[in-house]
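The residues making up each chain are set out below.
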Amino acid sequence: MGFKNSYLQGVYDTVQRRNPGEPEFLQAVREVLESFEPVLEKRPQLADTGIIDRIVEPERFVTFRVSWVDDSGKVQVNRGYRVQFNSAIGPYKGGLRLHPSVNSSVIKFLGFEQVFKNSLTGLPMGGAKGGSDFDPKGKSDGEIMRFCQSFMTELYRHIGPDTDVPAGDIGVGAREIGYLFGQYKRITNSFVGVLTGKGLTYGGSLARTEATGFGLCYFTKEMLAVMKQDSLAGKTVVISGSGNVAIYACQKATEMGAKVVAMSDSNGYIHDPDGIQLKVVKEIKEVRRGRIKEYVDAVPTASYTEGCRGIWGIPCDVALPCATQNELDGADADKLIANGVIAVAEGANMPSTPEAIAKFRQAGVLFGPAKAANAGGVATSGLEMCQNSMRYSWTFAEVDEKLRDIMVGIFHSAYNASQEFGDAGNLVLGANVAGFLKVADAMKWQGVAY
Ligand code: NDP
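Being a predicted model, the structure only gives us computed values, none of them experimental.

Rules of the game
- Residues numbered from 1 in each chain as written.
- Predicted model: local features only at pLDDT ≥ 70, side-chain atom pairs only at ≥ 80, totals over all residues.
- Heavy atoms only, no water.
- Pairing = 2+ DSSP bridges.
- Helix = DSSP H or I, 4+ residues; strand = E, 2+ residues; numbered from the N terminus.
- Axes fitted to C-alpha atoms, helices over the stretch in contact; angles between N-to-C directions.
- Contact = heavy atoms within 4.5 Å.
- Phe/Tyr/Trp six-rings, centres within 6.5 Å; stacked < 30°, edge-to-face > 60°.
- Buried < 20%, exposed > 50% of the residue type's maximum accessible area, 1.4 Å probe, protein only.
- Lys NZ or Arg CZ within 6 Å of the ring centre and 35° of its normal.

A. Structural context of the sheet that holds strand 12 (residues 366-368). One open sheet accounts for seven strands, arranged 9-8-7-6-10-11-12; its pairing is mixed. The two strands at the open ends of the sheet, each matched to only one other strand, are strand 9 (303-306) and strand 12. Pairwise comparison of adjacent strand axes, ignoring direction, gives a mean angle of 15° for this sheet. Sheet topology note: the strand 10 (residues 318-321)/strand 11 (residues 343-345) ladder contains two bridges and is parallel. Residue pairing in the sheet places Val318 in a bridge with Ala343 of strand 11. Sheet contacts for helix 10 (residues 244-255): strand 6 (236-240), strand 7 (259-264) and strand 10; angle to strand 7, the most-contacted strand, approximately 170°.

Right under this line is the structure:
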């Protein structure tokens, strides 16, 4: 479907022409541009500033060779990426993803979304993303270390504590951040807060590990309270994934009185009608780096089903997709709606397809988009940067309280913007517009470099 506004159509046509064969990036740009239709109706002069033409084009995009030696002595080659999308409101900031599905489209979509998400947190952070098509699965510790060192041997020249501060994402947790940080320090001879998600003994922030999952639940709680006068207490919840975001979403949802009955990985899903025993999941995923199917060995009353998609057929009140992009499509949305879902909030980035989002809206299901709902991770990374600059550490409770305030603030920014721009409760529109307006203002004041 085309855009009503011909200027937006022109911007989108240019993005399509410049980025052929990049469906994820085009999907992310289209969704944001659609949200700008009511903004341009109210403020047509925005078209003359060229801000929207600029915001869809990354400021810098680097790709590089990452060669490393595997345990058998063979040379392996992967491709590394860093997109520095926008630095209008602060240094570039965004995670690194290590997964075989990583390509320039995936990195650009993530970097583009990060611009708006980071703006929504209220902290001074620009948007970036990076990673590699390296597959950490099945690799030894030594191989992971050598890969990370080689990756940083190129990346270090593009980043810095006031320039660009990467963090974790899929396939990048505390272990990988440690190896990356060690190599940066070795090369530059400087101990600075150049990465977030660091270990607690060398500059990490308490509550960073928990932040995205916890933040997702704080957001969902506020969304349910304001828009439905309801809460998570007593709700049945389905969470896809069983990585960092999923695990801590499960923990916080359970603490809030919900019952999480299903989790997954890319092979399949577990269903435990008695409520997931998170201790078992943590032991499998965080300690042994095993597969989710091992859960049924410890909890024989639960069941395991091969194929991760089927998870959306499990009846629930609240669905929290926390695995990866486009993991929940129109048919999955139909199943969730038929089973009476009342709210969906995205822990992963762009997990719902546009068709699924449209169905949720049509059915009156509350929908918390990733840019808003999963911003707790980067927000706490921003707090880690702040602590590093001060050379100081806040307690877990202090960071957690700031995180909660930020998530509640993000919900209200998105909700208020949805009201102001004529589609009350459309948090996709609200999050995109609220995130955009601050960046647009900063870009306007900073002028155009001729
Ligand atoms: P992890 O690597 O810790 O976990 C990812 C989980 O998703 C694993 O269970 C993994 O299963 C599953 N998964 C990955 N790819 C696929 C796939 N193609 N199909 C099905 N399942 C898949 O990553 P995170 O938990 O950190 O990230 C999850 C999502 O949350 C991503 O979209 C990420 O961008 C987003 N996010 C993360 C933040 C963070 O702070 N970590 C912050 C904001 C967003 P398997 O082990 O089988 O691969």
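What follows continues from the structure just given.
B. Quick look at the sheet that holds strand 2 (residues 75-86). Spatially, 1-2-4-3-5 is the arrangement adopted by the five strands of the open sheet, whose pairing is mixed. With partners counted over all chains shown, the strands left at the sheet margins are strand 1 (60-69) and strand 5 (164-167), one partner each. Averaged over all neighbouring strand pairs, the angle between strand axes comes to 20°, with direction disregarded. Bridge analysis of strand 3 (residues 92-98) against strand 5 gives four bridges, and the strand direction is parallel. Across the sheet, the residue bridging to Tyr92 is Asp164, located in strand 5.

C. Spatial organisation of the packing of aromatic side chains. Counting across every chain of the model gives 19 aromatic pairs. Look at Phe25 and Phe85: their rings are 6.0 Å apart centre to centre, the planes differ by 50°, and that puts the pair in the tilted class. Of this pair, Phe25 sits in helix 2 (residues 23-35) while Phe85 sits in strand 2; the two residues are 60 residues apart in sequence, bridging distant segments of the chain. Residue classification places Phe25 among the buried positions, given a relative accessible area of 0%. For Phe85, a relative accessible area of 1% puts it in the buried group. Between Trp68 and Phe134, the ring centres sit 5.3 Å apart and the planes meet at 80°, which makes this aromatic pair edge-to-face. Note that Trp68 is positioned in strand 1 and Phe134 in the loop between strand 4 (127-132) and helix 7 (141-155), a separation of 66 residues in sequence. As far as the burial class goes, Trp68 and Phe134 line up, both buried. Following the ring pairs from residue to residue traces out a cluster consisting of Phe64, Trp68, Phe134, Phe147 and Phe151. The ring centre of Tyr12 lies 4.7 Å from the NZ or CZ of Arg30, which sits over that ring. The aromatic ring of Tyr218 is capped on one face by Arg404, whose charged end is 5.2 Å from the ring centroid.

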